[in-house]
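The lines below spell out each chain.
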Amino acid sequence: MTPVHTQARRAFMKNMAAAAAAASLPAISFAQNTPATEHKFAPQAGTWRSFEVTTRVNILKPQGVTRLWLPMPSVNSDWQQSLGSTFSSNGKTQITSDGRYGAQMLYVEFAENEAKPFVELTSKVQTQNRSVDWAHPHAASEDQAALNYWTQPTHLLPTDGIVRQTALQAIRGARTDVEKAQKLYDWVVVNTFREPKVQGCGEGEIQTMLETGNLGGKCADLNALFVGLCRSVGLPARDVYGLRLAPSAFGYKQLGGNSASLQGAQHCRAEVYLKQYGWVAMDPADVTKVMRQETPDWIKSSNHALVAPVNKALFGSWEGNWMAYNTAHDVTLPHSTGPRLGFLMYPVAENAAGRLDSYAPDDFKYQISARDITA
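Residues numbered from 1 in each chain as written. Predicted model: local features only at pLDDT ≥ 70, side-chain atom pairs only at ≥ 80, totals over all residues. Heavy atoms only, no water.

**Remarks on empty space enclosed by the protein**
Here is step 1: Considering all chains together, one arrives at three cavities of 30 Å³ or more under this definition.
Here is step 2: In this model, the largest cavity occupies a volume close to 40 Å³.
Here is step 3: If you go around the largest cavity, the residues you meet are Leu156, Leu157, Glu203, Gly204, Ala220, Ala224, Asp239, Tyr241, His329, Gly342 and Phe343.
Here is step 4: Contributing elements (two or more residues each) for the lining of the largest cavity: α8 (219-232) and β9 (237-244). (1 Å grid on protein atoms, 1.4 Å probe; cavity = no way out; pocket = protein on both sides within 12 Å on 5 of 7 lines; lining within 4 Å. Points joined across faces, edges and corners; volume = space filled by probe spheres on them. Helix = DSSP H or I, 4+ residues; strand = E, 2+ residues; numbered from the N terminus.)

Quick look at the structure:
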């Protein structure tokens, strides 16, 4: 993981005393007692949008056999419907999956003598805002074995040692699973921070983050930390890996994507299972993104008028200008000779020289765009 910039770390430490005081407040009150504000961020379910998402890859300097993996949307739920994909290429193509989480991908293999390898993948999805009605709990039911699966550790998400110790300290005084989730969400917002210098979406090595005290990162770091903390105290939770598709309807520039050019628009969100509500949307990482990057000045408080609506809403909702690829961890790519991935939400390619840098789309030469095709 890219080290945190020294000045950013010092600025963060100066605010730890105030943050610690805020963290000690009852969690539910912390999220809801925000000042009146003209800023609005309140996604509500009910209106579906349809998108056509296109990924184009051109291998400019092929070396030997080139292998390529492109994530495909493979989540179907009450907030997203994956409607299928089409593709064209001068390579050998195959739709496959990781074999464990059901993460679908397009695998393409280019012959050694192919001078200009290319592939274009177009996927269609329907999405809608996601929200939970806290005032009306209901009897959520899911198979217990399935829920237990989402409490297990992964390579990047251990659930013992410092992870569990941190979680137990954070949830002191919480009695219900909602209160536990709220305290862990608040802990991430208060104690971590967005670090723009981290490459891509980060790596999500949560044990290293906690052991080193380096709590700066991006979405795959900070939301993974939330998921790992939840799992360590028995709350089923999972990362959801995807892509921002369009600008935010609420005017937050950091919470949307430029549909014409989505390189770097990958974004990881999270879900937690709560007994009386089912799977609930979470995104503490985006709270820290608004705090750090929505304005030229780094906002240090989640109670700030610009941040408070986002902090409140992203505990239980998220905006449907985003597409989920999958919920997979520890991904083994079929036919790959390289190491497994912590997650799959970027194009991945390998050739005779090794694995290309997925975080450098201009060098890798891939482009992603989206088109709103809502009738």
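Here the narrative resumes.
**Some words on the pattern of salt bridges**
Here is step 1: On inspection of all chains with the given rule, the structure shows twelve salt bridges.
Here is step 2: A salt bridge links glutamate 120 to arginine 56, with the shortest nitrogen-to-oxygen separation between them at 3.5 Å. Highlighted residues: glutamate 120 in strand β6 (residues 118-128) and arginine 56 in strand β1 (residues 48-58), separated in sequence by 64 residues.
Here is step 3: Linking arginine 130 and glutamate 271 is a salt bridge whose minimum nitrogen-to-oxygen distance equals 2.6 Å. You can see arginine 130 sitting in the loop between β6 and α4 (144-149) and its partner glutamate 271 sitting in strand β10 (residues 266-274), a full 141 residues away along the chain. Across this residue pair, the class does not change: arginine 130 and glutamate 271 are buried.
Here is step 4: By sharing partners, the salt bridges in this structure join Arg130, Arg238 and Glu271 into a single network. (Salt bridge = Lys/Arg side-chain N within 4 Å of Asp/Glu carboxyl O. Buried < 20%, exposed > 50% of the residue type's maximum accessible area, 1.4 Å probe, protein only.)

**Here's the deal with the packing of aromatic side chains**
Here is step 1: Counting across every chain of the model gives 18 aromatic pairs.
Here is step 2: Both rings, one in tyrosine 101 and one in tryptophan 150, keep their centres 5.9 Å apart while their planes meet at 45°; by these two values the pair is tilted. Of this pair, tyrosine 101 sits in the loop between β4 (92-97) and β5 (104-110) while tryptophan 150 sits in the loop between α4 and α5 (161-170), and the two are 49 residues apart along the sequence.
Here is step 3: Relative accessible area serves as the criterion here: at 16%, tyrosine 101 is assigned to the buried category.
Here is step 4: With a relative accessible area of 10%, tryptophan 150 lands in the buried category.
Here is step 5: Geometrically, the ring pair formed by tyrosine 346 and tyrosine 359 is edge-to-face, given 4.8 Å between the ring centres and 70° between the ring planes. In this pair, tyrosine 346 is assigned in the loop between β12 (322-326) and β13 (348-351) and tyrosine 359 in the loop between β14 (354-355) and α11 (361-364), connecting sequence segments 13 residues apart.
Here is step 6: Relative accessible area serves as the criterion here: at 22%, tyrosine 359 is assigned to the partly exposed category.
Here is step 7: By way of ring pairs, the aromatic residues Tyr101, Tyr149, Trp150, Tyr273 and Trp279 are connected into one cluster.
Here is step 8: Sitting over the face of the ring of tryptophan 318, arginine 130 holds its NZ or CZ atom 4.7 Å from the ring centroid. (Phe/Tyr/Trp six-rings, centres within 6.5 Å; stacked < 30°, edge-to-face > 60°. Lys NZ or Arg CZ within 6 Å of the ring centre and 35° of its normal.)

**Observations concerning the sheet that holds strand β3 (residues 80-89)**
Paired through their backbone hydrogen bonds, the strands of a sheet run either parallel or antiparallel.
Here is step 1: The strand order β3-β6-β1-β15 describes an open sheet built from four strands, whose pairing is antiparallel. Unpaired on one side and paired on the other, β3 and β15 (366-372) mark the two borders of the sheet. Recorded for the sheet is a direction-independent mean angle of 15° between the axes of neighbouring strands.
Here is step 2: Where β1 and β15 come together, seven bridges link them in antiparallel fashion. Residue valine 53 lies in a different strand from β15, and its bridge partner there is alanine 370. (Pairing = 2+ DSSP bridges. Axes fitted to C-alpha atoms, helices over the stretch in contact; angles between N-to-C directions.)

**Let's talk about the state of the cysteines**
Here is step 1: Under the counting rule described, the total for this entry stands at zero disulfides.
Here is step 2: Cysteine 219 forms no disulfide, and the closest cysteine sulfur to it belongs to cysteine 201, at a distance of 3.4 Å.
Here is step 3: We classify cysteine 219 as buried; its relative accessible area is 2%.
Here is step 4: We note that cysteine 230 lacks a disulfide partner, and the nearest cysteine sulfur, in cysteine 268, lies 13 Å from it.
Here is step 5: On the accessibility criterion, cysteine 230 (0% relative accessible area) is buried. (Disulfide = S-S within 2.5 Å.)

**As for the environment of valine 188**
Here is step 1: Its location among the elements puts valine 188 in helix α6 (residues 177-191).
Here is step 2: You can call valine 188 buried: its relative accessible area is 0%.
Here is step 3: In this structure the C-alpha to C-alpha distance between valine 188 and leucine 121, which are 67 residues apart in sequence, comes to 36 Å.
Here is step 4: Ignoring any residue separated from it by four or fewer positions in sequence, one finds valine 188 in contact with Leu222, Phe226, Leu229 and Pro284. (Contact = heavy atoms within 4.5 Å.)

Geometry only, nothing functional implied.
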